[in-house]
Amino acid sequence: MKLSKIAEQLELSALWFPREDREVSLGYASDMLSDVLVRAPRGALLATLQTHLNVIAVAAQAGLSGVIFTNNKHPEDRVIERAEIEDIPLYVTPSNTFEIAGRLFAIGVRGRAS
Amino acid sequence: MKTYQADLHIHSKLSPCGSWDMTPHRVVERAKTAGLDLIAICDHNAAGNVGAFMEAAEGTGLVVIAGMEITTSEEIHVVGLFPDRESARDVANSVQSTLPITDARYASRFGEQVLMDPAGNILGYEKHALAMATTFTLEETVSLIQDRNGLAIPAHIERPSFSVYSQLGDLPRWMPFDAVEVSPVAQRPIGLREKFARYGFPMVGSSDSHFLHEIGRARTLMQANGASFRELEAALRKEEGRGVDYA
């Protein structure tokens, strides 16, 4: 499914979105950056509470397709600026990580490639 | 007995997030200008530049302590301060053995990890991914530091990221921390520092400088008989009228 479509269905607010849309079929939820780096599948959309600048570096390194900040956790501006440089779309939602993971799963996003 | 001013948490360019200005001679010069007597060089999971800073400070009256900021498996930052550079080096080797090796794109995302001589000339680049978490838990990290006669100090305890507060929700008061570090410049929930003050650990103030202008913006005021690791240790233990405060 296209990322823009997922964002629409889950009512995610975009903090930054690139011109080119992308196909997303995988997701991951974690607040531990070391865990994301090692275990998130490439291309996954990440749901997390972590808003530290390192989220963007880890997302780029792990080849993630985007990041959703849950519980209305807004990152600082420099995080968004860094995401633009690294081409990582960013969203924020008032929902918690459990709810977002459940809704992603319900529309067909999976935790690992089949 | 007199009051000595210390900034016990300063990064060099060995830390990927450190600024290129954080070279030994410039940091020493800035620390002297800021009126500091004692500094500790604490790079992320590494101590490879400590010797260069000690040499750069020779003859200036500034004392440099070998330190390190270890990232635990819970992603908590813990400062370790050591009696000598060999202890710091051994602990660095232990923690680095659990870190991944950098790839070609790492430096552009996290920053260069530069080993320098006292004048700031580049000697090489650290290959371990210092920005990552080690596999040592908080308790294991404290033991690792203290087994080498080091001082274990959880860093910036009231900050919203990489702190005991952010990762565990509280400061584990049963743990044998030698002190806890506060960052008078950090954003924090109201009352948090006051709450942690009641836990009874000695509190040190450190700048966590990544840029030159940040050096000394927070500091530890040490009542002691000299500026040295041993005097700092004695001040944290309140030996014979010694003590610490922060500003």
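Residues numbered from 1 in each chain as written. Chains lettered and ligands numbered in written order. Predicted model: local features only at pLDDT ≥ 70, side-chain atom pairs only at ≥ 80, totals over all residues. Heavy atoms only, no water.

Novice: I'd like a rundown of the sheet that holds strand β2 (residues 27-29) of chain A, residues and numbers included.
Specialist: Adjacent strands of a sheet pair through backbone hydrogen bonds, lying either parallel or antiparallel. All names here are of chain A. Taken in spatial order, the 5 strands of this open sheet run β1-β5-β4-β3-β2, and their pairing is mixed. Across the chains shown, the open sheet's two edge strands, defined by having one partner strand only, are β1 (13-16) and β2. The mean angle between the axes of side-by-side strands here comes to 25 degrees, regardless of whether they run parallel or antiparallel. With 3 bridges joining them, strand β4 (residues 66-69) and strand β5 (residues 90-92) adopt parallel strand pairing. Paired with Phe69 across the two strands is Val92, which belongs to β5. Where helix α4 (residues 77-86) meets the sheet, it contacts β1 and β5, and its direction lies at approximately 75 degrees from that of β1. The sheet strands contacting helix α5 (residues 97-106) are β2, β3 (45-48) and β4, and the helix crosses β3 at an angle near 155 degrees. (Pairing = 2+ DSSP bridges. Helix = DSSP H or I, 4+ residues; strand = E, 2+ residues; numbered from the N terminus. Axes fitted to C-alpha atoms, helices over the stretch in contact; angles between N-to-C directions. Contact = heavy atoms within 4.5 Å.)

Novice: Which residues make up the interface of chain B and chain A, and what are the values?
Specialist: Where interface size is quoted, it is often the accessible area lost as the parts come together. In this assembly, 15 residues from chain B lie in contact with 15 residues from chain A. A combined buried area of about 1200 Å² lies between chain B and chain A, and 49% of that area is made up of carbon and sulfur atoms. Glu86(A) is paired through a salt bridge with Arg109(B); the nearest N and O atoms lie 3.5 Å apart. Summed over the shared surface of chain B and chain A, the number is 5 residue pairs in polar contact (both at pLDDT 80 or more). Looking at the side of chain B that touches chain A, the element that brings in the most residues is helix α4 (residues 106-110) of chain B, giving 4 residues. For the side of chain B that touches chain A, the class distribution of residues is 6 nonpolar, 4 polar and 5 charged. (Buried area = accessible area lost by both parts, 1.4 Å probe. Salt bridge = Lys/Arg side-chain N within 4 Å of Asp/Glu carboxyl O. Polar contact = N/O pair within 3.5 Å; in protein donor to acceptor, adjacent residues only side chain to side chain. Nonpolar A, V, L, I, M, F, W, Y, C, P; charged D, E, K, R; others polar.)

Novice: An account of the packing of aromatic side chains is requested, with residue identities and associated values reported.
Specialist: For any pair of aromatic rings, the description consists of the separation of the ring centres together with the inter-plane angle of the planes. Residues and elements named next belong to chain B. Applying the stated criterion across every chain, the model contains 5 aromatic pairs over all chains. A ring pair is formed by Tyr165 and Phe196, whose centres lie 6.5 Å apart and whose planes are at 65 degrees; its orientation type is edge-to-face. Of the two residues, Tyr165 sits in helix α6 (residues 164-168) while Phe196 sits in helix α7 (residues 192-197), which places them 31 residues apart along the sequence. The exposure class of Phe196 is buried, given its relative accessible area of 1%. When the ring of Phe196 is compared with that of Tyr199, the centres are 5.5 Å apart and the planes differ by 65 degrees; the resulting orientation is edge-to-face. (Phe/Tyr/Trp six-rings, centres within 6.5 Å; stacked < 30°, edge-to-face > 60°. Buried < 20%, exposed > 50% of the residue type's maximum accessible area, 1.4 Å probe, protein only.)

Novice: Which residues make up the nonpolar core, and what values do they have?
Specialist: The biggest cluster of nonpolar side chains holds 47 residues, and the ones touching the most others in it are Val27(B), Ile39(B), Met68(B) and Leu171(B). The greatest single-element share of this core, amounting to 5 residues, is contributed by helix α2 (residues 50-57) of chain B. Excluding its chain neighbours within four sequence positions, the residues that come into contact with Val27(B) are Ile10(B), Met22(B), Ile39(B), Ile41(B), Phe53(B), Leu212(B) and Ile215(B). Grouped together as the second largest cluster of nonpolar side chains are 32 residues, Leu33(A), Val67(A), Leu130(B) and Met132(B) included. (Core = buried A, V, L, I, M, F, W, Y, C linked by side-chain atoms within 4.5 Å.)

Novice: Explain the sheet that holds strand β11 (residues 243-246) of chain B to me, and be specific about the residues and the numbers.
Specialist: Residue and element names in this part refer to chain B. Strand order in this open sheet of 7 strands is β7-β4-β3-β2-β1-β10-β11, and the pairing throughout is mixed. For this open sheet the edge positions go to β7 (151-154) and β11, each flanked by a neighbour on one side alone. On average, each strand axis in the sheet is tilted by 25 degrees relative to the strand beside it, whichever way the strands run. In the sheet, strand β10 (residues 220-224) pairs with β11 via 4 bridges, with the strands oriented antiparallel. Along β11, the bridge assignment pairs Gln223 with Gly243.

Novice: I'd like a rundown of the packing of helix α1 (residues 24-33) of chain B against α2(B), residues and numbers included.
Specialist: Residue and element names in this part refer to chain B. For the pair α1 and α2, interaxial distance at closest approach is 9 Å and the crossing angle is 55 degrees. Relative to α2, the element α1 lies oblique. Here the hand of the crossing between α1 and α2 comes out right-handed. Between α1, through Pro24, His25, Val27 and Val28, and α2, the contact on the second element is made entirely by Ala52, Phe53, Ala56 and Ala57. Looking at the contact of α1 with α2 residue by residue, the class counts come to 7 nonpolar, 1 polar and no charged. (Parallel < 35°, antiparallel > 145°, perpendicular 65-115°, else oblique. Left-handed = near helix turned anticlockwise from the far one by under 90°.)

Novice: Give a description of the side chain of Glu233(B) that names residues and reports values.
Specialist: Residue and element names in this part refer to chain B. Following the sequence through the fold, Glu233 ends up in helix α8 (residues 229-236). For Glu233, a relative accessible area of 13% translates into the label buried. At 2.9 Å, the side chain of Glu233 forms a polar contact with the side chain of Arg230.

Novice: Which residues make up a nonpolar patch on the surface, and what values do they have?
Specialist: There is a patch of nonpolar side chains on the surface, built from Trp20(B), Ile122(B) and Tyr125(B) and spanning about 320 Å² of accessible area. Looking at the element boundaries, Trp20(B) is found in the loop between β1 (2-10) and α1. (Patch = residues over 30% accessible without salt bridge, like charges linked within 9 Å, V, L, I, M, F, W, Y side chains within 5 Å. Areas by Shrake-Rupley, 256 points an atom, 1.4 Å probe, with all protein chains shown as cover.)

Novice: Summarise helix α5 (residues 138-147) of chain B; cite the residues concerned and give the values.
Specialist: All names here are of chain B. Taken together, the buried positions of α5 are Leu138, Thr141, Val142, Leu144 and Ile145. Buried residues in α5, looked at end-on, bunch into an arc of 160 degrees, giving them a common side. Seen from the open side of α5, the exposed residues pointing more than 90 degrees away from its buried face are Glu139 and Asp147. For α5, the elements touching its buried residues are β3 (63-71), β4 (77-82), α3 (85-96), β7 and α6. Taken from the residues just after α5, Asn149 is the one with a positive phi, measuring 60 degrees. (Arc of directions from axis to C-beta.)

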